[in-house]
Amino acid sequence: MMQPATASTPLRTAAAGATRRLLFFDNLRVVLMAMVIVHHAGQAYGPTGGEWPFMEPTRAAILGPFFAVNRSFGMSLFFMIAGYFTVIACDRKGPVPFLKDRLLRLGVPLLVWVALMGLVQGLIEQRLVWPVEIGHLWFVQHLLIYSAVYAGWRAWRRARPGRVPVQPHAGSPPPWWAIAAFAFGLALASAIIRTWFPIDHWIYLFGFVRVAFADVPRDLGLFIAGVLACRHGWVLSFPSRAGRAWLALGLLLAAGWYGYELAAPGGLPMSEAAAGAIYAIWESYLCVGMCIGLTVLFRDVCAGQSSLGKKMAQAQYATYVFHVPIVLLFQWLALGLTAAPFAKFVLVSLISIPAAFFAGYWIRKPLGM
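Parameters and conventions
- Counting restarts for each chain, with residues numbered from 1 along the sequence as it is written.
- In keeping with the model being predicted, local features are shown solely for residues with a pLDDT of at least 70 and side-chain atom pairs are shown and tallied solely at 80 or more, while totals for entire chains, interfaces and linings include all residues.
- With hydrogens and water set aside, each side-chain value is computed from the structure's full complement of heavy atoms.
- A carboxyl oxygen of Asp or Glu within 4 Å of a side-chain nitrogen of Lys or Arg is what we treat as a salt bridge.
- In DSSP terms, a helix is any run of H or I states spanning at least four residues, a strand is any run of E spanning at least two, and both are numbered starting from the N terminus.
- Throughout, exposure labels follow a simple rule: accessible area from a 1.4 Å probe, protein chains only, divided by the maximum for the residue type, with under 20% read as buried, over 50% as exposed, and the rest as partly exposed.
- Whenever a helix is involved, its axis is fitted only over the stretch in contact; in every case the axis is a line through C-alpha atoms, and angles between N-to-C directions fall within 0 to 180 degrees.
- For classification purposes, an angle smaller than 35 degrees is called roughly parallel, one larger than 145 roughly antiparallel, one from 65 to 115 roughly perpendicular, and anything else oblique.
- It is the rotation of the near helix from the far one that decides the hand of a crossing: anticlockwise by less than a right angle makes it left-handed, clockwise makes it right-handed.
- Contacts are residue-level and defined by heavy atoms, with any inter-residue pair within 4.5 Å sufficient.
- Basically, the charged four are Asp, Glu, Lys and Arg, the nonpolar ten are Ala, Val, Leu, Ile, Met, Phe, Trp, Tyr, Cys and Pro, and anything else, Gly included, counts as polar.
- Paired rings are identified among Phe, Tyr and Trp, the last through its six-membered ring, by centres lying within 6.5 Å, and are further divided according to the angle between planes into stacked (under 30 degrees), edge-to-face (over 60) and tilted (the rest).
- Charge-over-ring contacts are defined here by two conditions on Lys NZ or Arg CZ: a distance within 6 Å of the ring centre and an angle within 35 degrees of the ring normal.
- In plain words, nonpolar cores are sets of buried Ala, Val, Leu, Ile, Met, Phe, Trp, Tyr and Cys residues tied together by side-chain atoms within 4.5 Å.
- N or O atoms within 3.5 Å of each other form a polar contact, as long as, within protein, one can give a hydrogen and the other can take it, and as long as residues adjacent in sequence are counted only when both atoms are side-chain atoms.
- The span one expects for a helix is its residue count, reduced by one, times 1.5 Å.
- Grouping into patches uses exposed residues only, defined as over 30% relative accessible area, and leaves out salt-bridged ones; the cut-off is 9 Å for like charges and 5 Å for nonpolar side chains (Val, Leu, Ile, Met, Phe, Trp, Tyr).
- Values of accessible area rely on a 1.4 Å probe in the Shrake-Rupley scheme; residue burial ignores everything except the protein chains shown.
- Fitting one axis to the seven residues ending at a residue and another to the seven starting there, the bend at that residue is the angle between the two axes.

Draft legend 1. Molecular detail of the pattern of salt bridges. Summed over all chains, the structure comprises 15 salt bridges. When the shortest N-O distance is used, the salt bridge between D215 and R194 registers 3.4 Å. With D215 in the loop between β2 (209-211) and α6 (216-232) and R194 in the loop between α5 (176-193) and β1 (203-205), this residue pair connects regions lying 21 residues apart in the sequence. A relative accessible area of 14% means that R194 is categorised as buried. Taken together, the shared-partner salt bridges in this structure form one network comprising R71, R194, D215, R218, D219 and E283.

Dropping the structure here:
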């Protein structure tokens, strides 16, 4: 089992010359992918703020806080991990080869999905539809944009006269007050932007890039945090005790939201601005706590990998791209069942997770994913 590093331990990443993969990140991504599947499985059965092809007439109220908690950190943690490995891949390959690889790995599946969705929408509406609904692949779009910006920045840094390339190095992690200030900054930026762009308000920039500006500060902030964590060796040097404390904060805030939503579903009497500010603060500290806490937890106790875990990790990206049709299939099959919406949610989730990973594992091979 990989042991937590200290501040004096050399940074053991590919960018620093190490060959051993950080398997705990693979394990964490598998769990996050399962959460994404469960989140989409619940869209048909809970009080979601968005639209979904299948919607049960009655909803399970308990899924309301589940959606709120899950969306507050799940994709942001994906972005943080992506930022970490962006540094490793870009430094190993160089900015231009790295960007070419990103265009193939992210851009080609994105274009295939756009073509498929455009065909489906065209057949349904009997006309050319634009913009094409790309749904959950907004994450792939944003990651491609962030990767391109990082590669451009690294190329500019390397091209500056007299500049020595900065390599990742082991260093002391930021103190708790710096992390708390970072979380507050995310909350402030989110609250300001949400005065113009509320949560779940999606638009298409240039008719193609799907974006919900309400979540951009959090997701972009965690991507940058992942970049810095790799460059300074924070992940392997972060103290286990501090990581558990941040995880406890995230779990406490999550539990508090469940209690609040179920005990006071109508909300508390306060202005919309005050409610938005409080929500942004709650969301940001929950996000930072869970992102740090889960990373340290998996580093400490989930550093090994079984044969099944390895296959699921290999399938994770293809599973993300193609899991929605599988979830929709089982939701459609469940339409005729006489059961409570929460029971259907549990059933569809339990079936969709292994089915999506199984399909992802076999789809990835011919597609080179």
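We are not done yet, so read on.
Draft legend 2. Summary view of the packing of helix α2 (residues 63-93) against helix α3 (residues 95-125). Direction vectors running N to C along α2 and α3 enclose 125°, while the axes themselves pass 6 Å from each other. Here α2 lies oblique to α3, going by the angle between them. Here α2 runs over α3; the crossing is right-handed. Each of T86, A89, C90 and K93 in α2 lies in contact with α3, whose residues at this interface are P95, P97, F98 and D101. Taken together, the residues of the contact of α2 with α3 sort by class into five nonpolar, one polar and two charged.

Draft legend 3. Spatial organisation of the side chain of T86. Tracing the backbone through its elements, the reader meets T86 in helix α2. On the basis of relative accessibility, which here comes to 3%, the residue T86 falls in the buried class. With residues up to four places along the chain from it excluded, the contact list for T86 reads F98, S147, Y150 and F223.

Draft legend 4. Region of interest: the environment of I179. Positionally, I179 belongs in helix α5. Residue I179 is classed as buried on the basis of its relative accessible area of 6%. A sequence separation of 113 residues divides I179 from I292, and the C-alpha atoms of the two residues are 9.8 Å apart.

Draft legend 5. The packing of aromatic side chains, seen in detail. According to the stated counting rule, one finds 23 aromatic pairs in the structure shown. Their ring planes at 55° and their centres at 5.8 Å tell us that F78 and F139 sit as a pair that is tilted. One end of the pair, F78, is in helix α2; the other, F139, is in helix α4 (residues 138-159), and 61 residues separate them in sequence. Neither residue differs from the other here; F78 and F139 are each classed as buried. Taken together, a centroid distance of 5.4 Å and an interplanar angle of 85° make the contact between Y361 and W362 edge-to-face. Its relative accessible area of 46% is what places W362 among the partly exposed residues. A connected cluster of aromatic rings, assembled from ring pairs, spans F78, F79, W138, F139, Y146, W202, F223 and Y320. Over the aromatic face of F85 sits the side chain of R29, whose NZ or CZ is 4.9 Å from the ring centroid. The side chain of R210 reaches across the aromatic face of W202, ending 4.0 Å from its centre.

Draft legend 6. The arrangement of the packing of α3 against helix α10 (residues 307-333) in detail. Relative orientation of the contacting elements α3 and α10 amounts to 10°, with a least axis distance of 11 Å. Classified by the angle their axes make, α3 and α10 are roughly parallel. Judged by residue contacts, R105, L106, P109 and W113 of α3 engage Y317, V321, F322 and P325 from α10. Across the contact of α3 with α10, the residue classes tally to seven nonpolar, no polar and one charged.

Draft legend 7. Just the nonpolar core, in detail. Core analysis: the biggest nonpolar cluster contains 100 residues, and F25, L77, Y84, F139, V140, L294 and Y320 have the highest contact counts within it. In terms of residues, this core owes the most to one element, α2, which gives 19 residues. What F25 contacts, discounting residues up to four positions off in sequence, is I81, Y84, F85, V235 and T295.

Draft legend 8. Broad picture of the side chain of K344. Relative to the assigned elements, K344 resides in helix α11 (residues 341-367). A polar contact is formed between the side chain of K344 and the backbone oxygen of A334, at a distance of 3.1 Å. When residues no more than four places from it in sequence are discounted, the contact partners of K344 are Y45, E56, A334, L335, L337 and A339.

Draft legend 9. Expanded view of helix α1 (residues 23-42). Between the first and last C-alpha of α1 there are 29 Å, a value that for 20 residues agrees with the 28 Å anticipated at 1.5 Å per step. Burial within α1 is extensive, with 17 of its 20 residues counted as buried.

Draft legend 10. Just a nonpolar patch on the surface, in detail. Side chains of I62, L262, F342, V346 and L350 sit close together on the surface and give an oily, nonpolar patch of about 430 Å² of accessible area. Sorting elements by how many residues they give to the nonpolar patch places α11 first, with three residues.

Draft legend 11. Molecular detail of α10. For α10, built from 27 residues, the straight-helix expectation of 39 Å at 1.5 Å per residue is missed by more than 12%, its first-to-last C-alpha distance being only 31 Å. At T319, α10 is bent by approximately 55°, the largest bend along its length.

Draft legend 12. Representation of unusual backbone geometry. Backbone geometry at D200 places phi at a positive 70°, although glycine is not the residue there. Structurally, D200 can be placed in the loop between α5 and β1. The class of D200 is partly exposed, set by a relative accessible area of 36%. Positive phi, close to 60°, is recorded for F206, a residue that is not glycine. Counting through the fold element by element, F206 comes out in the loop between β1 and β2. Using a relative accessible area of 77% as the deciding quantity, one classes F206 as exposed.

Everything listed is a geometric property; what it means functionally is a separate question.
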